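# Observations on the three-dimensional arrangement
One letter stands for each residue in the lines below.
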Amino acid sequence: MKGFAMLEIGKTGWIEKEKPECGVNDAIIKPLALSPCTSDVHTVWEGAIGERHNMILGHEGCGVVVEVGSNVKDFKVGDRVMVAAITPDWNSLEAQGGYPMHSGGMLAGWKFSNFKDGVFAEYFHVNDADGNLAHLPDTISPEEACMLSDMVPTGFHGVELADVQFGDTVLVIGIGPVGLMAVAGANLRGASRILAVGTRPVCIEAAKGYGATDFISYKDGPIDEQVLKLTNGKGVDKIIIAGGGVETFEPAIKCLKPGGNIGNVNYLGEGVYVNIPREEWGVGMGHKQINGGLMPGGRLRLQKLASLIEVGKLDVKPLLTHKFKGFEHVEDALMLMKDKPRDLIKPVVILE
Ligand code: NDP
Ligand code: ZN
């Protein structure tokens, strides 16, 4: 089969590989739609997970089941399915402990284009199919389903980590597709004001649609100063970080109220330490929590998040700014993600 792969750090290309083998608990999927992620860019061009040779990229997609293992109960050949980017081993101790995304080791629930070939292939393999697949409802298109692999669950996990409550004033740092879903999630959770940090006009427009009320450019001076000005010196109740680098934690702590939480889902690619300003952290006693997490995967979560689209409470279509038709365009879509033109939120490739 054909796949679009990371050949080595900094290099991509089309390769031929054997079709993956299906274990007794697994499924083999033929993709219907695929989408590249900022994480694929980190993987290839920043060496984020170290060297990989001829590893097929991609972890966002949906498809049709073409093979199932003998233990798989709830899925059969021909089923249209959604797949999460994170595919834990659900019988692991970590999953039993409530942290499926770390099954098998820290962050090891992330398998696609990390420990095994990803989804940018004619066929891809899903472990623990009953736990990691969900039936794709007829009312959700394959391109929308791609946003349920990672963008929706990750942005919403930021909201969970920040523990957004009714009436909270929330700051979302970074409004790419992940941050936009954090804005949407905070809005669904009942946030009052939602302050959004970003500069791309297309993202600002989308953020307005998802419920953001105030806009801040990180290019116009320190984020904390702008937030304090907008909130009459009070600061915000909760913060979600979905962009920038290690330097975002300092302004975040400075404009977070005592008792507030930071939920980070951003990948921190550089720097040795995260600096926490001592005084604004209440000299160690400010009850300002920092929670960083990889999103959980799983069928139940996929079904629940999909149900928000089904009933019309969440619309992911505004994320899909660039659409391609045909598997061969996976390469163009990834390059677009790498170059991030100002009018891009998310590219998607429709295969059928
Ligand atoms: P984008 O690059 O599309 O968006 C990044 C956002 O951060 C943009 O709004 C950008 O603003 C803003 N930004 C850039 N620099 C700064 C800065 N210095 N201070 C504040 N904001 C800044 O990324 P994605 O939305 O695709 O992904 C966001 C992050 O989430 C990535 O790091 C990605 O790897 C990670 N991720 C994590 C996952 C998880 O499971 N934890 C899963 C998937 C992704 P501008 O408008 O100027 O571009
Ligand atoms: Zn992703």
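Bear in mind that the values here come from a model prediction, so they are computed numbers and not experimental data.

## Quick notes on the side chain of Asn-264
Turning to its location among the elements, Asn-264 is positioned in strand β13 (residues 256-264). For Asn-264, a relative accessible area of 7% puts it in the buried group. The contacts of Asn-264, once residues within four sequence positions are left out, are Leu-161, Ile-241, Phe-249, Asn-291, Gly-292 and Gly-293.

## Some words on the coordination of the zinc ion (ligand 2)
In the first shell of the zinc ion (ligand 2), the protein supplies Cys-37 (SG), His-59 (NE2), Glu-60 (OE) and Asp-150 (OD), at 1.8 to 2.2 Å from the metal. Taken together, the four donor atoms surrounding the zinc ion (ligand 2) define angles of 92 to 128° at the centre, an arrangement classified as tetrahedral. Every donor residue of the zinc ion (ligand 2) comes from the same chain, spaced as C-x21-H-E-x89-D. Residue Cys-37 is located in the loop between β3 (27-35) and α1 (38-45), and its partner Asp-150 is located in the loop between α4 (142-147) and α5 (151-162); the two are separated by 113 residues in the primary sequence. With relative accessibility at 4%, the residue Cys-37 sits in the buried group. For Asp-150, a relative accessible area of 9% translates into the label buried.

## A look at the sheet that holds strand β2 (residues 11-16)
Reading across the sheet, the three strands line up as β2-β1-β4 and stay open at both edges, with antiparallel pairing between neighbours. The open sheet has two edge strands, β2 and β4 (55-56), and neither has a second partner. When strand β1 (residues 2-8) meets β2, the two strands line up antiparallel, connected through six bridges. Note that in β2 the partner of Ala-5 across the bridge is Gly-13.

## Details of helix α7 (residues 201-210)
Because the α-helix completes a turn every 3.6 residues, residues three or four places apart line up on one side. Among the residues making up α7, those that are buried are Cys-203, Ile-204, Ala-206, Ala-207 and Tyr-210. When α7 is viewed along its axis, its buried side chains cluster within an angular range of 165° and face the same direction. More than 90 degrees from the buried face of α7, the exposed residues found are Pro-201, Glu-205 and Gly-209. Considering only its buried residues, α7 is in contact with α6 (177-188) and β11 (214-216).

## Concerning the pairing of strand β16 (residues 346-350)
Burial runs high along β16: five of the five residues are buried. The alternating pattern of β16 places Lys-346, Val-348 and Ile-350 and Pro-347 and Val-349 on opposite faces, both of which are buried. Direction of pairing for β3 relative to β16: antiparallel, over a ladder of two bridges. The partner of Ala-33 across the bridge, within β16, is Ile-350. Taken together, the five bridges between strand β15 (residues 320-325) and β16 define a ladder with parallel strand orientation. Each bridged residue has a counterpart across the sheet, and for His-322 the counterpart in β16 is Pro-347. Viewed along the sheet, the connection from β15 through helix α11 (residues 330-339) into β16 turns out right-handed.

## Details of the packing of aromatic side chains
Across all of its chains, the model carries three aromatic pairs by this definition. Note on Trp-14 and Phe-327: the rings are 5.3 Å apart at their centroids and 75° apart in plane angle, and the pair reads as edge-to-face. With Trp-14 in strand β2 and Phe-327 in the loop between β15 and α11, this pair connects stretches of sequence that are 313 residues apart. The ring of Tyr-123 is capped by Lys-19, whose NZ or CZ atom sits 4.6 Å from the centre of that ring. Sitting above the plane of the Phe-215 ring, Lys-208 keeps its charged end 5.8 Å from the centroid.

## Re unusual backbone geometry
The backbone of Ser-113 shows a phi angle near 50°, a positive value even though the residue is not glycine. Mapped onto the elements of the fold, Ser-113 is located in the loop between α2 (93-96) and β7 (124-126). One non-glycine residue, Asp-163, lies in positive phi territory at about 55°. Mapping Asp-163 onto the fold places it in the loop between α5 and β9 (170-173). The class for Asp-163 is partly exposed, based on a relative accessible area of 32%.

## Regarding the pattern of salt bridges
Summed over the entire model, instances satisfying the criterion amount to 17 salt bridges. Among the ionic pairs, Asp-168 bridges to Lys-238, the shortest N-O distance being 2.8 Å. Of the two residues, Asp-168 is situated in the loop between α5 and β9 and Lys-238 in strand β12 (residues 236-241); the sequence distance between them amounts to 70 residues. In terms of burial, Asp-168 and Lys-238 fall into one category: buried.

## Focus on the site of ligand 1
Near ligand 1, the surroundings consist of 29 residues, among which Thr-38, Ile-175, Thr-199, Tyr-218 and Asn-266 are the closest. Backbone polar atom of Arg-200 to an oxygen atom of ligand 1: 2.8 Å apart, as the coordinates give it. One nitrogen or oxygen atom from the main chain of Tyr-267 is found 3.3 Å from an oxygen atom belonging to ligand 1. In the complex, the protein chains occlude 86% of the 940 Å² of accessible area that ligand 1 would expose alone. For the shell around ligand 1, the secondary structure elements donating two or more residues are α1 and α6. By residue number, the principal contributor to the shell around ligand 1 is α1, which donates three residues. When grouped by side-chain class, the residues that make up the shell around ligand 1 number 13 nonpolar, 12 polar and four charged.

Cut-offs and rules
- Residues numbered from 1 in each chain as written.
- Chains lettered and ligands numbered in written order.
- Predicted model: local features only at pLDDT ≥ 70, side-chain atom pairs only at ≥ 80, totals over all residues.
- Heavy atoms only, no water.
- Helix = DSSP H or I, 4+ residues; strand = E, 2+ residues; numbered from the N terminus.
- Buried < 20%, exposed > 50% of the residue type's maximum accessible area, 1.4 Å probe, protein only.
- Contact = heavy atoms within 4.5 Å.
- Donors = N, O, S within 2.8 Å, 3.2 Å for Na, K, Ca; no water.
- Tetrahedral: all angles 85-135°; square planar, octahedral: opposite > 155°, others 65-115°.
- Pairing = 2+ DSSP bridges.
- Arc of directions from axis to C-beta.
- Right-handed = clockwise from strand over helix to strand, strands pointing away.
- Phe/Tyr/Trp six-rings, centres within 6.5 Å; stacked < 30°, edge-to-face > 60°.
- Lys NZ or Arg CZ within 6 Å of the ring centre and 35° of its normal.
- Salt bridge = Lys/Arg side-chain N within 4 Å of Asp/Glu carboxyl O.
- Near = heavy atom within 4 Å.
- Polar contact = N/O pair within 3.5 Å; in protein donor to acceptor, adjacent residues only side chain to side chain.
- Areas by Shrake-Rupley, 256 points an atom, 1.4 Å probe, with all protein chains shown as cover.
- Nonpolar A, V, L, I, M, F, W, Y, C, P; charged D, E, K, R; others polar.

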